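Take a look at the letters that make up each chain.
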There are 2 protein chains.
Amino acid sequence: MSVIYDRVALIGLGLIASSMFWAMKRSGLAGEVTGYARSSESRDIAREIGLCDRVCDSMAEAVEGADLVVLCVPVGAMGAVAAEIAPALKPGATVSDVGSVKKAVIDAVAPHLPEGVHFVPAHPLAGTEHSGPRSGFAELFDHRWCLVVPQIGADRDAVEKVEKLWQGMGALTGEMDADHHDLVLAVISHAPHLIAYTMVGVADDIRRVTETEVIQYSAAGFRDFTRIAASDPTMWRDVFLSNKDATLEILGRFTEELFALQKAIRDGDGEHLHAYFTRTRAIRKGIIAAGQDTDAPDFGRGKV
Amino acid sequence: MSVIYDRVALIGLGLIASSMFWAMKRSGLAGEVTGYARSSESRDIAREIGLCDRVCDSMAEAVEGADLVVLCVPVGAMGAVAAEIAPALKPGATVSDVGSVKKAVIDAVAPHLPEGVHFVPAHPLAGTEHSGPRSGFAELFDHRWCLVVPQIGADRDAVEKVEKLWQGMGALTGEMDADHHDLVLAVISHAPHLIAYTMVGVADDIRRVTETEVIQYSAAGFRDFTRIAASDPTMWRDVFLSNKDATLEILGRFTEELFALQKAIRDGDGEHLHAYFTRTRAIRKGIIAAGQDTDAPDFGRGKV
């Protein structure tokens, strides 16, 4: 593949930014990639492992002359970062982000960007339970979706160039408006994460069951929840606070359904339970058919 | 390893029984293994794939002369199966089971067993989302726990022989009383399964999000829930109906915690959320350290 941007700046050097760097390098999509992280420890690690062509000690230095600047910081930090980089942005540059929430990010970032700079919000639906500059790898986005949320009146060339970059990094791309994005994500990501966090917290809390028992016997189902409940706490705090309405709506709906199933258990209504459990099986088949998960037993977990 | 039982009968030929057969063969733990399944289709499949040394067309034929009979049927069917095999059991034989609930199984099975037959309830904490006679494999129990729930006054030799069999099939064994077993399982297996079923059902229900969206974008967290929500509906219906009290208790506790987190989201209490999410991260580390899950990103899912 050929170079899409001569210079790309990555602000924040966690799982997504580091995977973007390796994915861009894999296919030669960027001339030079600069990087900045707030913590000097992260910058040192980045230099040590060769993450980014040039690691900068200030945001302004990293974005100077960049054709594309990607904000890869927690959602709650996006506004302050946008304000800080704005004076250093090259005219005609594109700013994008990878935040898990779109409306709040747009509200926080857009007002700071100067005239003539294109803003193309995006969200790659990919991740692992690991975080930090060492956690990235080039294949993270392969066959995963990246949702792009163009603004009204956006420059189509700028939007399409961002989409081409994501496709070059292995992703499928789609466009969506911010409100719909935030609702879809509440259903397939934010509510599931909160529920996983809650279940893991409950298991830790039941005094009559020891932590050793929870840990030793987790293969009976519990451990599947712990992967996403091990995700970065700062990132997820910001997600819930900034996608509050949609998340609370889905959680409300979840509670209603859970109560209906609890009542079926209490009443001994086996037919209701069986019908419900049969329906949910079909959805997994769809996910496997769509290439979004593996059919190997146990997710193909190797020997552990 | 050497033969532990001359003849073993497996009643029900699903994931657990078929994995037991392959695990026993791997280490030469049983002389002859007979098998019976209610559906003639399952018996035909078993014969086709060489599952069991001898597939029988009646339960009585399968258990005749067996030193160990293992009930591998849904929890709700255990009582009827025990009643049917009782007259054909060899004096001095051991009857065991692999049910996910222990108190209800003991209440259903024990009254049917003749004097001189040993009953050693057990529960291997292992499984995958697949079911049926083709789903078994010899490694299923390796490094997994099998909980044995000896009855008061049980013959220790009979109990230890069952434990030796499980150890021979690769499992770690532990003993527990039935009530504690059912509470521990409610926490680490039954409540998580119901919650996963509920979350998958909710996603399927939200009309403003299409099924295609749920499926395509599931890698953002949702798909981790779908594995256990694809488990056998009949097995799980019976589990919830027969471990009603403990499951409802844990679900009640879960709802309380979920409401507290919802309130923190509504109130914008980021500190509460961050502290909660930090605590749950530690539990996953314990599970990995205990060899019950893999530290590879995404459970080590291969290319999908």
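A. Main features of the overall build of chain A. Secondary structure summary: chain A contains 12 helices and 8 strands in total. Its C-alpha radius of gyration of 21 Å places chain A within 12% of the 19 Å reference for a compact globule of 304 residues. Based on the C-alpha atoms only, the size of chain A along its principal axes is roughly 65 × 40 × 35 Å. Look at the contacts in chain A between residues 6 or more apart in sequence, and 76% of them connect residues 24 or more apart.

B. Here's a closer look at the relation of the copies chain A and chain B. At an RMSD of 0.0 Å, chain A and chain B line up after a rotation of 180° and a shift of 0.0 Å along the axis. In symmetry terms, the pair is related by a two-fold rotation axis. Mapped onto chain B, 100% of the interface residues of chain A again fall at the interface, so both copies present the same surface.

C. Just the nonpolar core, in detail. Counting 219 residues, the largest nonpolar core has L10 and I11 of chain A together with L10 and I11 of chain B as the members making the most contacts within it. Residues contacting L10 of chain A, with those up to four places away along its chain left out, are A17, M20, F21, V33, G35, C52, V70 and C72 of chain A.

D. Structural detail: the pairing of strand β5 (residues 94-97) of chain B. Residues and elements named next belong to chain B. Residues T94 and S96 of β5 are buried on one face, and the alternating residues V95 and D97, pointing to the opposite face, are buried as well. Relative to β5, strand β4 (residues 68-71) runs parallel, the two sharing 4 bridges. The residue bridging V69 from the neighbouring strand is V95, located in β5. Regarding topology, helix α4 (residues 78-85) serves as the crossover connection from β4 to the parallel β5, and that connection is right-handed. Traced from β5 through helix α5 (residues 103-109) to strand β6 (residues 118-124), the parallel crossover comes out right-handed.

E. Region of the structure containing the sheet that holds strand β2 (residues 30-36) of chain A. Residues and elements named next belong to chain A. Within the open sheet, the 8 strands sit side by side as β3-β2-β1-β4-β5-β6-β7-β8. Their pairing is mixed. Taken across any chain shown, the strands that pair with only one partner, and hence form the sheet edges, are β3 (54-55) and β8 (172-175). Pairing geometry for strand β5 (residues 94-97) and strand β6 (residues 118-124), over 4 bridges, is parallel. In the strand pairing of β6, S96 is matched with V120. Across the sheet, helix α4 (residues 78-85) lies against β1 (5-11), β4 (68-71) and β5, angled at about 155° from β4, the strand it touches most. Strands in contact with helix α6 (residues 156-168) are β1, β5, β6, β7 (145-148) and β8; relative to β6, the strand with the most contacts, it is inclined by about 30°.

F. Focus on the interface of chain A and chain B. The partner chain B presents 95 residues to the 95 residues of chain A that form the contact. The biggest single contributor to the side of chain A that touches chain B is helix α7 (residues 178-205) of chain A, with 19 residues. In the side of chain A that touches chain B, the residues fall into 49 nonpolar, 26 polar and 20 charged.

G. Representation of the environment of F222 of chain B. Assignment of secondary structure puts F222 of chain B in the loop between α8 (211-216) and α9 (223-228). Counting along the chain gives 22 residues from F222 of chain B to V200 of chain B, while the straight-line C-alpha distance between them is 7.8 Å.

H. Structural context of the domain arrangement of chain A. Residue and element names in this part refer to chain A. What the domain assignment reports for chain A is domain 1 (5-176) and domain 2 (180-268). Domain 1 and domain 2 are separated by 29 Å when their C-alpha centres are compared. Listed as interface residues are 14 residues of domain 1 and, on the opposing side, 17 residues of domain 2. Grouping the amino acids of the side of domain 1 that touches domain 2 by side-chain chemistry returns 7 nonpolar, 4 polar and 3 charged.

I. Focus on α6 of chain A. All names here are of chain A. The end-to-end C-alpha distance of α6, which contains 13 residues, comes to 18 Å, matching closely the 18 Å that a straight helix rising 1.5 Å per residue would cover. Where α6 is concerned, the buried positions are A158, V159, V162, E163, L165, W166 and G168. Buried residues along α6 sit against β1, α1 (15-27), β5, β6, β7 and β8. A positive backbone phi angle near 105° is found at G170, which sits one or two residues after α6.

J. Seen up close, the pairing of β4 of chain B. All names here are of chain B. Where burial is concerned, the two faces of β4 agree: the one with L68 and V70 and the one with V69 and L71 are both buried. Sheet topology note: the strand β1 (residues 5-11)/β4 ladder contains 4 bridges and is parallel. Bridge pairing in β4 places A9 opposite V69.

K. Expanded view of the sheet that holds β5 of chain B. Residue and element names in this part refer to chain B. Strand order in this open sheet of 8 strands is β3-β2-β1-β4-β5-β6-β7-β8, and the pairing throughout is mixed. Here the strands that pair on one side only, and so sit at the sheet edges, are β3 (54-55) and β8 (172-175). Strands in contact with α4 are β1, β4 and β5; relative to β4, the strand with the most contacts, it is inclined by about 150°.

L. Looking closely at the environment of T34 of chain A. All names here are of chain A. On the secondary structure map, T34 appears in strand β2. C-alpha separation for the pair T34 and A62, spaced 28 residues apart in sequence, amounts to 5.6 Å. Here T34 is in contact with A9, C52, D53, R54, C56, A62 and A66, once residues within four sequence places are set aside.

The rules behind the values
- Starting from 1, residues in each chain are numbered consecutively following that chain's sequence as written.
- All chains are assigned letters beginning at A, and all ligands numbers beginning at 1, according to the order in which they are written.
- With the structure being a predicted model, the display of local features is reserved for residues of pLDDT at least 70 and the display and counting of side-chain atom pairs for 80 or more, all residues being used for whole-chain, interface and lining totals.
- Secondary structure elements follow DSSP: runs of H or I of four or more residues count as helices, runs of E of two or more count as strands, with numbering from the N terminus.
- C-alpha atoms define the radius of gyration in this analysis, and the globule rule sets the expected value at 2.2 Å times the number of residues to the power 0.38.
- Two residues form a contact once the distance between their C-beta atoms, set from the backbone, is within 7 Å.
- The copies were overlaid with a least-squares fit restricted to C-alpha atoms from residues scoring a pLDDT of at least 70 in each copy.
- We define the nonpolar core as any set of buried residues of the types Ala, Val, Leu, Ile, Met, Phe, Trp, Tyr and Cys, connected via C-beta atoms lying within 7 Å of each other.
- Burial is judged by counting other C-beta atoms within 10 Å of a residue's own C-beta: 20 or more means buried, 12 or fewer means exposed, and anything between counts as partly exposed, with every C-beta placed from the backbone.
- The pairing criterion is simple: DSSP has to find at least two bridges between the two strands.
- The handedness rule is simple: strands pointing away from the viewer, and a clockwise path from the first strand over the helix to the second, make the crossover right-handed.
- Angles shown run from 0 to 180 degrees and are taken between the N-to-C directions of axes, each axis being a line fitted to C-alpha atoms and, for helices, limited to the stretch in contact.
- Gly counts as polar in this scheme, as do all residues outside two lists: the nonpolar Ala, Val, Leu, Ile, Met, Phe, Trp, Tyr, Cys and Pro, and the charged Asp, Glu, Lys and Arg.
- An automatic or database domain assignment supplies the start and end points of every domain.
- Expected span of a helix: the number of residues minus one, times 1.5 Å.

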